[in-house]
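# Tertiary structure, described
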Amino acid sequence: DFDVAYFHSYAHLGIHEEMIKDRVRTETYRNAILHHQDRIAGKVVVDVGCGTGILSIFCAQAGAKRVYAVDASDIAVQANEVIKANNLSETIIVLHGRVEDVEIDEKVDVIVSEWMGYMLLYESMLGSVITARDRWLKPGGLMLPSFATLYMAPVSRPDRYSESIDFWRNVYGIDMSSMMPLAKQCAFEEPSVETISGENVLTWPHVIKHVDCSTVTIHELESVSTKFKFESMMRAPFHGFAFWFDVEFGVPINSQRRKRSNPNEALVLSTAPEDPPTHWQQTIIYFYDPIEVEQDQVIEGSLVLSQSKEHARFMNIHLEYASGGRCFVK
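Parameters at a glance
- Residues numbered from 1 in each chain as written.
- Predicted model: local features only at pLDDT ≥ 70, side-chain atom pairs only at ≥ 80, totals over all residues.
- Heavy atoms only, no water.
- Pairing = 2+ DSSP bridges.
- Helix = DSSP H or I, 4+ residues; strand = E, 2+ residues; numbered from the N terminus.
- Axes fitted to C-alpha atoms, helices over the stretch in contact; angles between N-to-C directions.
- Patch = residues over 30% accessible without salt bridge, like charges linked within 9 Å, V, L, I, M, F, W, Y side chains within 5 Å.
- Areas by Shrake-Rupley, 256 points an atom, 1.4 Å probe, with all protein chains shown as cover.
- Salt bridge = Lys/Arg side-chain N within 4 Å of Asp/Glu carboxyl O.
- Parallel < 35°, antiparallel > 145°, perpendicular 65-115°, else oblique.
- Contact = heavy atoms within 4.5 Å.
- Nonpolar A, V, L, I, M, F, W, Y, C, P; charged D, E, K, R; others polar.
- Domains from an automatic or database assignment.
- Buried < 20%, exposed > 50% of the residue type's maximum accessible area, 1.4 Å probe, protein only.
- Polar contact = N/O pair within 3.5 Å; in protein donor to acceptor, adjacent residues only side chain to side chain.
- Right-handed = clockwise from strand over helix to strand, strands pointing away.

## Remarks on the sheet that holds strand S15 (residues 326–329)
- Spatial strand order, S9-S13-S14-S15: four strands in an open sheet with antiparallel pairing. In the strand order of this sheet, the two ends are held by strand S9 (223–231) and S15, each with one partner. Sheet twist, expressed as the mean angle between neighbouring strand axes with direction ignored, is 10 degrees.
- With nine bridges connecting them, strand S13 (residues 298–307) and strand S14 (residues 315–323) associate as antiparallel partners. The residue of S14 that forms the bridge with Gln307 is Met315.

Set out below in structure tokens:
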């Protein structure tokens, strides 16, 4: 029932409009497909979660012999109309259903999917890509994207704190500071998706998880944990942790992440604060009260991201952190 609601949400055109209008996202995918045209031309492709079919069309334009465009949402009906209107029905076959349920009677050379959620793993769509890979991808086949990396870093965000919390100290000359505990709870109880800049980030980032899409397992994603240790590069109020991700459209070699001497060897889609904004923005876990940190002050702790047992597309976050002799749990 929960999956039915999830797929129903993707039948609404607005969500696809937002994704397609994200030029960083859409143009990087198109460039990556054209970059790997020699691996796609004359080959068979699966597009997992095809939505409106735009990535499938990019693959057809790159010369794919056949593209299976799979989506469990009713948007697949519209995707089929778009494909007909572009005279691509001979090349692109729309399969309306989950990758776990639909049938494809041949092995494929390429899997393309835009599966990333907020904080990379929210929505758990990567599991469907893994299922498609294990069902249909030929040995040595191409995964687009090929790698993903999730990062975190401490941030200072005084403007956001001021707008949401300090506002209540003086409201049209009235002291409403008694509202501040409730305001903190409402504003900061759950992760916030918003855009920050590199100036908000207090330290170098920490890698939480590196994913090789050719080898990662569904079990591996059920719980992701890491220990971190940062040193603040400045004196500032420390308001919380920001999370973002990169995905890389490279060719897997020996199941190990490649050391790229030439950045042009692979394309990267980044949602980092210092890069052009995307619809993913960054995800921030705010504290109820900021911590004042000095330059070079250590911030350390641990993070566990686990798939919700009640609703598999949700994610539980357990964060423990310590700084300046004080320990906290969020």
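There's plenty left to go through after this.
## Section: a nonpolar patch on the surface
- Taken together, Trp204, Met233 and Met234 make up a surface patch of nonpolar side chains, about 350 Å² in accessible area.
- The residue Met234 is located in the loop between S9 and strand S10 (236–249) in this model.

## Digging into the packing of helix H2 (residues 13–21) against helix H3 (residues 23–35)
- In contact at an axis separation of 5 Å, H2 and H3 are set at 70 degrees when each is read in the N-to-C sense. Regarding the angle of H2 to H3, the classification is roughly perpendicular. Side by side, H2 and H3 meet where Met19, Ile20 and Lys21 of the first sit next to Arg23, Arg25 and Thr26 of the second.
- Looking at the contact of H2 with H3, its residues break down into two nonpolar, one polar and three charged.

## Describing the domain arrangement of the protein chain
- Taken domain by domain, the protein chain holds domain 1 (1–114) and domain 2 (147–329).
- Taking only C-alpha atoms into account, the centre of domain 1 sits 30 Å from that of domain 2.

## Points about the sheet that holds strand S5 (residues 137–144)
- Reading across the sheet, the five strands line up as S3-S2-S1-S4-S5 and stay open at both edges, with parallel pairing between neighbours. Each of the sheet's edge strands pairs with one partner strand only, and the pair in question is strand S3 (92–96) and S5. The sheet shows a mean angle of 20 degrees between the axes of neighbouring strands, taken without regard to direction.
- Sheet strands in contact with helix H6 (residues 75–85) are strand S2 (66–71) and S3, and its direction is about 165 degrees off that of S3.
- Each of strand S1 (44–48), strand S4 (108–113) and S5 is contacted by helix H7 (residues 126–136), which is oriented at about 150 degrees to S5, the strand it contacts most.

## Some thoughts on the pattern of salt bridges
- Scanning all chains against the criterion turns up 15 salt bridges.
- With a closest N to O distance of 3.0 Å, Glu194 and Arg160 form a salt bridge. Here the residue Glu194 occupies a position in strand S7 (residues 192–194), and Arg160 occupies one in helix H8 (residues 158–164), the gap between them amounting to 34 residues.
- The salt bridge involving Lys184 is made with Asp289; its shortest N-O contact spans 2.5 Å. Note that Lys184 is positioned in helix H9 (residues 180–188) and Asp289 in strand S12 (residues 282–293), a separation of 105 residues in sequence.
- Lys184 gets classed as buried once you look at its relative accessible area, which sits at 15%.

## As for the side chain of Asp212
- You can see Asp212 is positioned in strand S8 (residues 206–212).
- Polar side-chain contacts of Asp212 include one of 2.9 Å to the backbone nitrogen of Ser214.

## Let's talk about the pairing of S14
- Note that S14 and S15 share four bridges and pair antiparallel. Within S15, the position partnered with Tyr321 by the bridge is Phe328.
- Linking S14 back to S15 in an antiparallel pair, the connection comprises two residues, with Gly324 at a positive phi of about 60 degrees.

## Some thoughts on the environment of Leu13
- Tracing the backbone shows Leu13 in helix H2.
- Its relative accessible area of 53% is what places Leu13 among the exposed residues.
- Separated by 39 residues in sequence, Leu13 and Thr52 place their C-alpha atoms 8.7 Å apart.

## Looking at the pairing of S1
- Burial runs high along S1: five of the five residues are buried.
- Here S1 shows two buried faces, one formed by Val44, Val46 and Val48 and the other by Val45 and Asp47.
- Assessed by its sense of winding, the connection that carries the chain from S1 through helix H5 (residues 54–61) to S2 is right-handed.
- Of the pairings in the sheet, the one linking S1 to S4 comprises four bridges and is parallel in character. The residue bridging Val46 from the neighbouring strand is Ile111, located in S4.

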